[in-house]
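One letter stands for each residue in the lines below.
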Amino acid sequence: MATELVMAEAGSKAETVRLQVRVEGLSCASCAARVEKALRAVPGIRQANVNLALGTAELWVDPRSDLEAAVAAVARAGYQLATQEIALAIRGMSCASCVRRIESALRALPGVLEASVNLALARADVRVLADAVTREDLIAAVRSAGYEAAPIEAEGGAAPARAKEGVLAALTLALAAVLTLPLVIQMVARALGLPFHLSPWLELGLATPVQFVAGARFYRRAFEGLRAGTGNMDLLIALGTSAAFGYSLALLWQLGEAAAGHLYFEASAVIVTATLAGKWLEERAKRSAAEAIRRLMALRPEQARVLREGVEIEVPVAEVRVGDIVIVRPGERVPVDGRILDGESEFDEALVTGESMPVRRSAGDPVIAGALNGPGLVRIEALRVGRDTTLARIARLVERAQAGKAPIQRLVDRISGIFVPVVVAIAVLTFAVWWLVAGELEAALVAAVSVLVIACPCALGLATPTALVAGTGAAARAGILIRDIETLERAHAVDTVVFDKTGTLTEGRPDLVDLLPAGLSPEELLQLVASAQQGSEHPLGRATVRAAEERGLPLGRLETFRAVPGQGVEARVGGRIVRIGRPEFVGLVGEGWREQGEKLEKQAKTVVAVAVDDRFAGLLAFADRPRPDAAGAVRELRRRGLLVVLLSGDNRATAEAVAGELGIERVLAPVRPQDKVNAIAELQREGRVVAMVGDGINDAPALATADVGIAMGTGADVALETAGITLARPRPSLVPAALDIARATRRKIWQNLFWASIYNLAGIPLAAFGLLNPAVAGVAMAMSSVSVVTNALTLRGWRPAAVEEVEG
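A quick note: this is a predicted structure, and the numbers were derived from the prediction, not measured.

Asker: Would you mind going over a nonpolar patch on the surface in detail, with residue names and values included?
Answerer: Taken together, Leu429, Val433, Trp435, Leu436, Val437 and Leu441 make up a surface patch of nonpolar side chains, about 650 Å² in accessible area. For the nonpolar patch, the element with the most residues is helix α14 (residues 407-438), which contributes 5 residues. If you trace the backbone, leucine 429 turns up in helix α14. Since its relative accessible area comes to 56%, leucine 429 is described here as exposed.

Here it is, written out as structure tokens:
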């Protein structure tokens, strides 16, 4: 660890911490001086020395200083303090107070900027100053708090050990259940007035292994928590069951057989067994909720076949390089993102993008890692490998969303930090009141034990993360990738959805549908226009060339080419000057032809004019068909009471024609790309909460401005880092589905928090007033966590609502 405690200065008793951190962007001595000046101005930093040659800064800081302020100060100076994100798998957590303790231990390390622990995923995500803190330092801090930690990637190799632990937990539960069953039968028989009694000594023999063998984990974890200076759920269980067991043992020692009917061995045994059963069910449910990540990562094959120097060899997928030729046989999964060089097949992408039907791909088409190859053999050029593949990026996105914390969860964590001490205090007070006021030792003990065992910080701690994990996992299976908890919080309030037109509501592949020549034959006009645009990347240019090729027209030699952005192009073809574009750019368009063009625009067609050698030569009309589910998606959004807006760079007549066809009531057109941000901001100034749906690349500024940005991509081209929500398939129907799952997840979080809070607020007073038997309290405590997790798991059954599709 590049930190150490040193004396602040001669004669001072204040401790400071020395940190060595990496600085990015340094190029000269003046850079170093600027960074030093910025760092020294940060409160808590006593001294800062920047080493230009090493690209590092040596800092002497107060142990509790805000290092985020140092990062921000260096950024304002135009440089970066390098940071690193480290993920750890945590073992040994039992409740929300464990989360609080581990986070505190991690944040106390000098150089740690942020630490977030997720109880449902049993993981910690820590952001640190690079080089100042190592992974080993973090693991040591977790261990000092009484828990175990390991790197996330190392957890894959720990699967056999975890499986062994699961088997041991099941066997321990089975032992406890078998030994507790006779005690439960006696308790029920007594309640029903039936003559069934066990010998007190037999009760002791049955309860002792349950208390000290099956319940050993509670003592062990309670002791570890106390050693770290905090309490947890295990402490409450250990105290409550020990009090019931100890009281019964003392009574048996004094009265012998005469103690029958006054013992509470069954209470201690039932509490231990019920808690073990609850934890076992809870672990199974948490694993089920987190299944989305495991299923995604399981899609990537371990090996890949590549051509190296003309020879087909099998290599680990981690060794595949960009540019390698990868061979994928029938029935195998694609190991990398790439492009098909030769061959044809169908690919099942359901587990990656949510697309239910296999997609046919041939030479030139893209394929994505994790897709299952159908009947054909294909050769693929690797374009993205390892962490850069769509599959890996999707997994990281889902993982990041699941590891996030809602603002309400941070409040819950703070409450959990004081929950156990408060409950212990209430139990002590309950015991004192019952004993001193009522004068009944047995009643005092029963009430105090009931208070200890019914209090459950677990349900509170699991309420948010389990719902978040289940909801984002269900969304990912449908091809909806939610970036973070903040997006989910904002999405529930969306009342306006703005769609970009081209490529979002439409196919993004216009076709030439009308050719109206003036003074030339249709073939001659098309040949000239296609020849002028044969090198163009514009969608309309490509559509023109495609139409000429389909008609078998040869293209002439392109001599010069000039594009005027947003207006059109001018080219020389075979000695003739050809101008193509907006009528005002081309000029020479007569009134009759203008009326023709306006008529076509009202039919949702994009019209361009053509002039050859300064003479008007005709009009070309293009149509970009709406996606089959576009009208259904708009209808679903309107049915939910949302305002739907169409945002387009096309002329207003074309945009209104498309809007009318799809049922959109408000149109903003024509809007240039640079003005889309202003259009979104104007809607927000009206008091609307806006979701913007675009392609995630060209619309990036507007997506960032909107309250919720929804990027719609295809396979490997999906813009995962652009928006709060990314749709893995180009289907507008996923937009209402994305808003639905966001709202359902948030609703589930609040349901869980409500019931977990009500359970504790109602249960503890009932126990304190002596209205709950300790055994019943123990069962209720165990079931509270299970009910919260089970409620969250109902999200796993969520599926997007079916939307009617219309083929254009």
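Further notes follow.
Asker: Before we move on, can you summarise the sheet that holds strand β12 (residues 325-328) with the specific residues and values?
Answerer: Sheet architecture is open: 6 strands sit in the order β11-β10-β12-β18-β13-β16, paired in antiparallel fashion. For this open sheet the edge positions go to β11 (311-316) and β16 (366-367), each flanked by a neighbour on one side alone. Two strands pair when backbone bridges link them, and strand β10 (residues 303-308) and β12 are joined in this way by 3 bridges, in the antiparallel orientation. Across the sheet, arginine 305 pairs through a bridge with isoleucine 327, a residue of β12.

Asker: Explain the side chain of threonine 273 to me, using residue names and the numbers behind them.
Answerer: If you trace the backbone, threonine 273 turns up in helix α10 (residues 265-289). Residue threonine 273 is classed as buried on the basis of its relative accessible area, which comes to 11%. Once residues within four sequence positions are removed from consideration, threonine 273 is found in contact with Leu173, Ala176, Ala177, Thr180 and Val210.

Asker: Quick one: what's the story with helix α27 (residues 734-768), residue by residue and with numbers?
Answerer: Over its 35 residues, α27 extends 51 Å from the first C-alpha to the last, a length consistent with the 51 Å expected when each residue adds 1.5 Å. Trailing α27 by a residue or two, glycine 770 shows a phi angle of about 75°, which is positive.

Asker: Talk me through the sheet that holds strand β26 (residues 615-623); I want residue IDs and the actual numbers.
Answerer: As a general point, the strands of a sheet are linked pairwise by backbone hydrogen bonds and lie either parallel or antiparallel. Taken in spatial order, the 6 strands of this open sheet run β21-β26-β25-β24-β23-β22, and their pairing is antiparallel. Every interior strand has two partners, whereas the edge strands, β21 (511-517) and β22 (558-564), have only one. Strand-to-strand, the axes of this sheet are offset by a mean angle of 20°, without reference to chain direction. Of the strands in this sheet, β21, β22, β23 (568-573), β24 (576-581), β25 (606-612) and β26 are in contact with helix α19 (residues 522-532), which crosses β21 at around 125°.

Asker: Could you give an account of the pairing of strand β4 (residues 56-61), naming the residues involved and the relevant values?
Answerer: In this sheet, β4 lies alongside strand β2 (residues 15-24) in antiparallel orientation, the contact comprising 6 bridges. Looking at the pairing, glutamine 20 lines up with glutamate 58 of β4. Of the strand pairs in this sheet, strand β3 (residues 45-51) and β4 are connected by 6 bridges, and their pairing is antiparallel. When the sheet's bridge partners are listed, glutamine 47 is paired in β4 with tryptophan 60.

Asker: How would you summarise the packing of aromatic side chains if you had to cite specific residues and measurements?
Answerer: Between two aromatic rings, the relevant description is the distance of the centres plus the angle of the planes. One pass over the structure, following the stated rule, counts 5 aromatic pairs. Ring geometry for phenylalanine 212 versus phenylalanine 245: centroids 5.2 Å apart, planes at 90°, classification edge-to-face. Highlighted residues: phenylalanine 212 in helix α7 (residues 200-214) and phenylalanine 245 in helix α9 (residues 233-255), separated in sequence by 33 residues. Given the relative accessible area of 44%, phenylalanine 212 is considered partly exposed. Of the residues examined, phenylalanine 245 reaches a relative accessible area of 6% and is grouped as buried. Feature note: the residues Phe212, Tyr219, Phe245 and Phe265 constitute an aromatic cluster, connected by ring pairs.

Asker: So, the nonpolar core: which residues are in play, and what are the values?
Answerer: Ranked by size, the top nonpolar core spans 162 residues in total, and within it Leu39, Leu106, Leu138, Ile480 and Val497 carry the most contacts. Looking at this core, the element that brings in the most residues is α27, giving 15 residues. Counting residues in each nonpolar core, the second largest holds 24 residues, with Val529, Ala532, Leu540 and Ile580 among its members.

Asker: Break down the side chain of threonine 745 for me, with residues and values.
Answerer: Within the secondary structure layout, threonine 745 lies in helix α27. A residue is classified by how much of its surface remains accessible, and threonine 745, at 0% relative accessible area, is buried. Ignoring anything within four residues of it in the chain, the contact list for threonine 745 reads Ala467, Leu468, Gly471, Leu488 and Leu795.

Asker: Go over the packing of helix α15 (residues 441-454) against helix α28 (residues 774-793) with me, naming the residues and quoting the values.
Answerer: Contact geometry for α15 and α28: axes closest at 8 Å, N-to-C directions at 5°. Overall, the two elements α15 and α28 adopt an arrangement that is roughly parallel. On α28, the residues that touch Val446, Val449, Ser450, Val453 and Ile454 of α15 are Pro774, Ala777, Gly778 and Met781. Considered class by class, the residues forming the contact of α15 with α28 number 7 nonpolar, 2 polar and no charged.

Asker: Please set out the pattern of salt bridges residue by residue, giving values where relevant.
Answerer: By the definition in use, this model includes 37 salt bridges. When the shortest N-O distance is used, the salt bridge between arginine 18 and glutamate 58 registers 2.6 Å. One end of the pair, arginine 18, is in strand β2; the other, glutamate 58, is in strand β4, with 40 residues separating them in the sequence. By relative accessible area, arginine 18 is classed as buried at 18%. A salt bridge links glutamate 68 to arginine 127; the nearest nitrogen and oxygen atoms lie 2.3 Å apart. Separated by 59 residues along the polypeptide, glutamate 68 in helix α2 (residues 67-76) and arginine 127 in strand β8 (residues 123-129) bring together distant segments of the chain. One network of salt bridges, in which partners are shared, links Arg305, Glu312, Glu314, Arg329 and Glu332.

Asker: Which residues make up the environment of alanine 669, and what are the values?
Answerer: Relative to the helices and strands, alanine 669 resides in the loop between β28 (666-668) and α25 (676-685). In sequence terms alanine 669 and glycine 649 are 20 residues apart; their C-alpha atoms lie 6.0 Å from each other. The contacts of alanine 669, once residues within four sequence positions are left out, are Ser648, Asp650, Arg652 and Ala655.

Asker: Run through α9, naming residues and quoting values.
Answerer: Taking 1.5 Å of rise per residue, the 23 residues of α9 would be expected to cover 33 Å, and the 33 Å separating its terminal C-alpha atoms lies within 8% of that figure. Directly beyond the C-terminal end of α9, a positive phi value near 65° is found at glycine 256.

Reading guide: rules and limits
- Residues numbered from 1 in each chain as written.
- Predicted model: local features only at pLDDT ≥ 70, side-chain atom pairs only at ≥ 80, totals over all residues.
- Heavy atoms only, no water.
- Patch = residues over 30% accessible without salt bridge, like charges linked within 9 Å, V, L, I, M, F, W, Y side chains within 5 Å.
- Areas by Shrake-Rupley, 256 points an atom, 1.4 Å probe, with all protein chains shown as cover.
- Salt bridge = Lys/Arg side-chain N within 4 Å of Asp/Glu carboxyl O.
- Helix = DSSP H or I, 4+ residues; strand = E, 2+ residues; numbered from the N terminus.
- Buried < 20%, exposed > 50% of the residue type's maximum accessible area, 1.4 Å probe, protein only.
- Pairing = 2+ DSSP bridges.
- Contact = heavy atoms within 4.5 Å.
- Expected span 1.5 Å × (residues − 1).
- Axes fitted to C-alpha atoms, helices over the stretch in contact; angles between N-to-C directions.
- Phe/Tyr/Trp six-rings, centres within 6.5 Å; stacked < 30°, edge-to-face > 60°.
- Core = buried A, V, L, I, M, F, W, Y, C linked by side-chain atoms within 4.5 Å.
- Parallel < 35°, antiparallel > 145°, perpendicular 65-115°, else oblique.
- Nonpolar A, V, L, I, M, F, W, Y, C, P; charged D, E, K, R; others polar.

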